[in-house]
Amino acid sequence: MKRIALLGSTGSIGRQTLEVVAAQPERFAIVALGAGENIAELNAQIARFRPEVVAVCDEADRAAVALAPGRVLHGPGGLLDLATLPAADLVVVATPGHHAIRPTLAAIAAGKELALANKETIVCAGALVTAAAREHGTLIRPIDSEHSALWQCLHTAPGLESVRRLIVTGSGGPFRLRSREEMARATPAEALAHPTWRMGGKVTIDSATLMNKGLEVIEAHWLFGLPYERIEVLLNPQSIVHALVEYADGSTLAQLAPPDMRLPIAYALTYPERPESPFPRLDLARVGALEFAAPDLDRFPCLRLAYEAGRRGGLYPTVLSAADDAAVAAFLDRALPFTGIAGVIAAALEAYSGADLVSLDAIEEADRWARAFVGEWLQQGGGPKAAG
């Protein structure tokens, strides 16, 4: 029986993680849940999974939680307590945003097994997290479908010297075949209509701009230790091929599965085993055909910006991530056109001249700077500047 502390239990990944747990009650027990503002969902989870302790963001929400007051934590300190809970064997980090970085590092330092679904933790603090994982002998189990796929394909590699390149795949989002002129008129509802995946709003917009692929390239760089020149992006509209690894001998391995996040979640939780699963199976005869295409960086400049930020290193990935977060929020509020997202991110990367040393305090400062820059840029009428 593996005891799990789940951070971000009421979000999309958190809810699907609980589906995986519920499907294998003989294998898993939930000992802790960390949630945001959806207290009704949290209470339903408490009733079903009976955790020992929970944490919420706002202290004012503690009274509404259906658990004894002494077992309800709150704020950043609450997440740190969950991440280091003695009763937990495995910590699943599905909390969105940059505030998942400290709990992730705390879980590693406490010797916990770690399954990671939070992009910002590796994008912004990849150097810190991977160094801590090496120091403590912690295997980071990626939950993202692409990185789970790379992880699985790399199991056959005797070492990275035999790997020629990593290929991260993506559907191309709802605007894969749209012109820039059409994308400039896109509404939030159109951008949120993903053709194959069902995800949260921010991730769905990042899929539409291909920023999600750029962030995944940065993640792959840190998780697997390859330079950016050996990490590529390939579009697969069917979302069946999740990643590929090309080896030096000319062989290429691919991981295929239905577009269902419960599959990589289950692999992260059960690794190295592959027990029977009740989730959908892949029927290639029904799929019929698989298409592939290279991404168009003129129409999707966010991908190019992510490569640039990754290569520049330091705190530039943090500026990229935070500026993107603020720009996506502005687009969803109709304060910025879709093509303006890349424009304001490019402006932030160009304007940034902060510290190069990556530390937790420096990451938080770069994050604040980037969000403030986007706010000022919008107030000053920056408008939909092109990033290309």
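In this text the structure is predicted, and so the values were computed from the model without any measurement.

Chemist: Which residues make up helix H13 (residues 301-312), and what are the values?
Modeler: Its twelve residues give H13 an end-to-end C-alpha distance of 17 Å, which sits within 8% of 16 Å, the value for a rise of 1.5 Å per residue. Taken together, the buried positions of H13 are Pro-301, Cys-302, Leu-303, Leu-305, Ala-306, Tyr-307, Ala-309 and Gly-310. Contacts made by the buried residues of H13 are with helix H7 (180-184), helix H9 (201-209), helix H10 (211-224), strand E9 (231-235), helix H14 (316-332) and helix H15 (340-351). One or two positions beyond H13, positive phi appears at Gly-313, with a value near 70°.

Chemist: Please give an account of the packing of H10 against H14 that cites residues and values.
Modeler: Helix-helix packing: each pair is described by the crossing angle between the helix axes and the interaxial distance. Running from N to C, H10 and H14 point in directions that differ by 155°, and their axes come no closer than 12 Å. Taken together, H10 and H14 sit at an angle that is classed as roughly antiparallel. As for how H10 packs across H14, the hand of that crossing is left-handed. Across the interface between the two elements, Met-211, Leu-215 and Ile-218 from H10 touch Pro-317, Leu-320 and Asp-324 from H14. A breakdown of the residues in the contact of H10 with H14 according to their chemical character gives five nonpolar, no polar and one charged.

Chemist: Explain the sheet that holds strand E8 (residues 163-170) to me, using residue names and the numbers behind them.
Modeler: The mixed open sheet is built from four strands, whose spatial order is E9-E8-E10-E11. Pairing within the sheet leaves two strands with one partner each, and these edge strands are E9 and strand E11 (252-256). Within the sheet, the average angular offset between the axes of one strand and its neighbour, ignoring direction, is 20°. Two elements, E8 and strand E10 (residues 241-247), share five bridges in a ladder whose sense is antiparallel. The residue of E10 that forms the bridge with Val-163 is Tyr-247. Packed onto the sheet, helix H6 (residues 145-153) meets E8, E10 and E11 and runs at close to 35° relative to E10.

Chemist: An account of a nonpolar patch on the surface is requested, with residue identities and associated values reported.
Modeler: A contiguous nonpolar patch, built from Leu-256, Leu-284, Val-287, Leu-290 and Phe-292 and spanning about 370 Å² of accessible area, is present on the exposed surface. Its place among the elements puts Leu-290 in the loop between helix H12 (284-287) and H13. Judged by relative accessible area, Leu-290 falls into the partly exposed class, the value being 30%.

Chemist: Could you give an account of the side chain of Thr-10, naming the residues involved and the relevant values?
Modeler: Residue placement: Thr-10 occurs in the loop between strand E1 (2-7) and helix H1 (12-23). Aside from chain neighbours lying at most four places away, what touches Thr-10 is Arg-15, Ala-35, Gly-36, Asn-38, Glu-41, Leu-42 and Gln-45.

Chemist: Residue-level account of the packing of aromatic side chains, with values.
Modeler: Applying the stated criterion to the full structure yields eight aromatic pairs. The interplanar angle of 75° and the centroid separation of 5.8 Å between the aromatic rings of Tyr-267 and Tyr-271 together place this pair among those described as edge-to-face. Take Tyr-267: its relative accessible area is 7%, and that puts it in the buried class. Ring pairing ties together the aromatic residues Tyr-316, Tyr-352, Trp-369 and Phe-373, which thus form one cluster. The positively charged end of Arg-312 is found above the aromatic ring belonging to Tyr-316, 3.9 Å away from the centroid.

Chemist: Lay out the pattern of salt bridges in plain terms, naming residues and giving numbers.
Modeler: In total, this model carries 25 salt bridges according to the counting rule given. Residue Asp-324 is joined to Lys-202 by a salt bridge in which the shortest nitrogen-to-oxygen separation is 2.9 Å. Taken together, the residues span a long stretch of sequence, with Asp-324 in helix H14 and Lys-202 in helix H9 at a distance of 122 residues. Put simply, Lys-213 and Glu-216 hold a salt bridge, and the shortest N to O gap is 2.6 Å. Taken together, the residues span about one helical turn, with Lys-213 and Glu-216 both in helix H10 at a distance of three residues. Here Glu-216 falls in the buried class, since its relative accessible area comes to 2%. Beyond isolated ion pairs, a larger network of salt bridges with shared partners links Lys-119, Asp-144, Glu-146, Lys-213, Glu-216 and Glu-219.

Chemist: For the nonpolar core, give the residues involved together with the corresponding values.
Modeler: If you look at the biggest cluster of nonpolar residues, it comprises 94 residues, and the most contacted ones within it are Leu-166, Leu-320, Phe-338, Ile-341 and Ile-345. No other element matches H14, which puts ten residues into this core. With near-sequence residues (within four places) excluded, Ile-341 lies in contact with Ile-205, Thr-209, Cys-302, Asp-324, Ala-327, Val-328, Phe-331 and Leu-336. Judged by nonpolar contacts, the second largest core, of 32 residues, contains Val-21, Leu-42, Leu-67 and Phe-279.

Definitions and limits used
- Residue positions are counted from 1 within each chain, in the order its sequence is given.
- Per-residue local features of the predicted model are confined to residues with pLDDT of at least 70, and side-chain atom pairs are confined, for both listing and counting, to 80 or more; whole-chain, interface and lining totals are unaffected and use all residues.
- Remark: hydrogens and water are excluded; side-chain values derive from all non-hydrogen atoms of the structure.
- The secondary structure listing takes helices from DSSP runs of H or I that are at least 4 residues long and strands from runs of E that are at least 2 residues long, numbered from the N terminus.
- How far a helix is expected to stretch is found by multiplying one less than its residue total by 1.5 Å.
- Note on exposure labels: buried denotes an accessible area under 20% of the residue type's maximum, exposed denotes more than 50%, and partly exposed covers the range between, all computed with a 1.4 Å probe on protein chains only.
- Here a residue-residue contact requires only that any non-hydrogen atoms of the pair lie within 4.5 Å.
- Interaxial angle, 0 to 180 degrees, is taken between N-to-C directions of lines fitted to C-alpha atoms, where a helix line uses only the stretch in contact.
- Convention used here: angles under 35 degrees read as roughly parallel, angles over 145 as roughly antiparallel, angles from 65 to 115 as roughly perpendicular, and any remaining angle as oblique.
- Crossings are classed by handedness, with left-handed meaning an anticlockwise turn of the near helix from the far one by less than a right angle and right-handed meaning a clockwise turn.
- Ten residue types, Ala, Val, Leu, Ile, Met, Phe, Trp, Tyr, Cys and Pro, are classed as nonpolar, four, Asp, Glu, Lys and Arg, as charged, and the remainder, Gly among them, as polar.
- In short, DSSP must find at least two bridges between two strands for them to pair.
- Put simply, a patch holds well-exposed residues, over 30% relative accessible area, that have no salt bridge, with like charges counted together within 9 Å and Val, Leu, Ile, Met, Phe, Trp or Tyr side chains within 5 Å.
- All accessible-area figures derive from a Shrake-Rupley calculation using a 1.4 Å probe, and residue coverage is judged against the displayed protein chains alone.
- Basic side-chain nitrogens of Lys or Arg form a salt bridge, by our definition, when they fall within 4 Å of a carboxyl oxygen of Asp or Glu.
- Note on aromatic contacts: the rings of Phe and Tyr and the six-membered ring of Trp form a pair at centre separations within 6.5 Å, being stacked when their planes are under 30 degrees apart, edge-to-face when over 60 apart, and tilted otherwise.
- Whether a charge sits over a ring comes down to the Lys NZ or Arg CZ being within 6 Å of the ring centre and within 35 degrees of the ring normal.
- To define a nonpolar core, start from buried Ala, Val, Leu, Ile, Met, Phe, Trp, Tyr and Cys residues and group those joined through side-chain atoms within 4.5 Å.

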